[in-house]
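A structural walkthrough
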Amino acid sequence: MEKIEQLRAALARRGLQALWVSDPANVRYLSGFTHPDDGRLLVTPGAAVLYTDGRYTVQAQEDALPGIEVVIARPLEAIEGAAPAVAGMKMGVEGAHLTVSALERLKERWQVQFHPVEGLVEELRLHKSADEVAGIRAAQALADRVFAEVRPQIRAGVRELDIAMALEQGLRQAGATSAFDVIVASGVRGALPHGTASDRVIEDGDLVTVDFGANLNGYNSDMTRTVAVGQPADELKRLYNAVLEAEEAAVRAVRPGLKAGDLDAVARDILAGHGLAEAFAHSLGHGVGLVVHEGPRLAQGSEDVLAPGMVITIEPGAYVPGLGGVRIEDLVLVTEDGYEVLSHSPRETLA
Ligand SMILES: CSCC[C@H](N)C(=O)N[C@@H](C)C(=O)N[C@@H](C)C(=O)O
């Protein structure tokens, strides 16, 4: 019940008594329910009730964390049944997730004051428990194993799609799923930061960016490697070595207490020094957990502060239309005295 108590304290700080949790990642985090798309959680001062329907009677009871009460009901029955218990309360709803029509359904049935809130549960999710870190570590270890198996297939004559399928199959065979559509961007397609695998055939001299993650028991990993096939042109090698320098420096700089915006600047300044400021077209990284992109934000100007237990990515890139691109990404745990890199797939060295 520790998470629920933390949530109640956060609600009280905002003058609220209850929260209707509809974001699936938040439902899962607070209740343990492993099919959270079909679940809602109502947290009040006296109870935390998971509502789901008859398809999940057994699963919800098995999953529910201690202190979570499970009610099996159809969605409208669920909210009608809860009406007496919430009457008169100041009720938070998740503004970034609840649809307008879902809010209308609640308004028709509950005599409460509704207050849209953002980031309440997400704030709790920033700091991973030891169990959560173990889950992310396991997902990344599995992704590292699959990458090692597939790495020899990244060669001239093979389609990007074949690499993506081999990675997805490896993840599936090991009991995981793909955390997101696998990115395989080779040659000039490397200039697309999110170039999901196409039928392009990899050529000699290409750099190939492979970005993928495992979702294992709900927790995600995220890693990118850029691989050289044959001898890339000098300009591509220059790009690669600049990104590698920026990535390694940013990883080394990770420590609790550091502002995420300042960490972003470590990598951005190095790339700017190589004339690649414009080419680094996205943020340095993000938190990873039940969702691939969650807090903290490692971006220009971000005021988020790193703390032990956060799991983040460090992923500078450089993308040059007509030439190609590079991204190198590691998954990093912020520790009490610095950091631990959770991704162990070797990075290329290009002389
Ligand atoms: C669609 S999930 C893609 C995962 C990938 N590893 C990734 O995080 N790519 C980054 C370039 C990215 O999308 N960063 C976001 C946070 C951004 O810069 O806005």
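Rules behind the numbers
Residues numbered from 1 in each chain as written. Predicted model: local features only at pLDDT ≥ 70, side-chain atom pairs only at ≥ 80, totals over all residues. Heavy atoms only, no water. Pairing = 2+ DSSP bridges. Helix = DSSP H or I, 4+ residues; strand = E, 2+ residues; numbered from the N terminus. Axes fitted to C-alpha atoms, helices over the stretch in contact; angles between N-to-C directions. UniProt positions renumbered as here; feature names shortened; annotations may be inferred. Buried < 20%, exposed > 50% of the residue type's maximum accessible area, 1.4 Å probe, protein only.

The next point concerns the sheet that holds strand β9 (residues 207-212). Across a sheet, strands are paired by hydrogen bonds formed along the backbone, either parallel or antiparallel in direction. Strand order across the open sheet formed by 3 strands is β8-β9-β12, with antiparallel pairing between neighbours. Every interior strand has two partners, whereas the edge strands, β8 (183-186) and β12 (223-228), have only one. Here the strands of the sheet are splayed against their neighbours by 15° on average, with no regard to which way each runs. Relative to β12, β9 runs antiparallel, the two being bridged by 6 bridges. Pairing of Val208 across the sheet is with Val227, part of β12.

Looking now at the UniProt feature "domain: Peptidase M24" (unreviewed entry) in the protein. UniProt records the feature "domain: Peptidase M24" (unreviewed entry) for residues 135-336 in the present numbering. Within the segment residues 135-336, helix and strand shares are 32% and 24% respectively, and the terminal C-alpha atoms sit 19 Å apart.

Right, let's get into the pairing of β9. Taken across its 6 residues, β9 has 6 buried, putting it largely inside the fold. Here β9 shows a buried face lined by Leu207, Thr209 and Asp211 and a second buried face lined by Val208, Val210 and Phe212. Examined bridge by bridge, β8 and β9 share 4 bridges and lie antiparallel to one another. For Ser186, the partnering residue across the bridge sits in β9 and is Val208.

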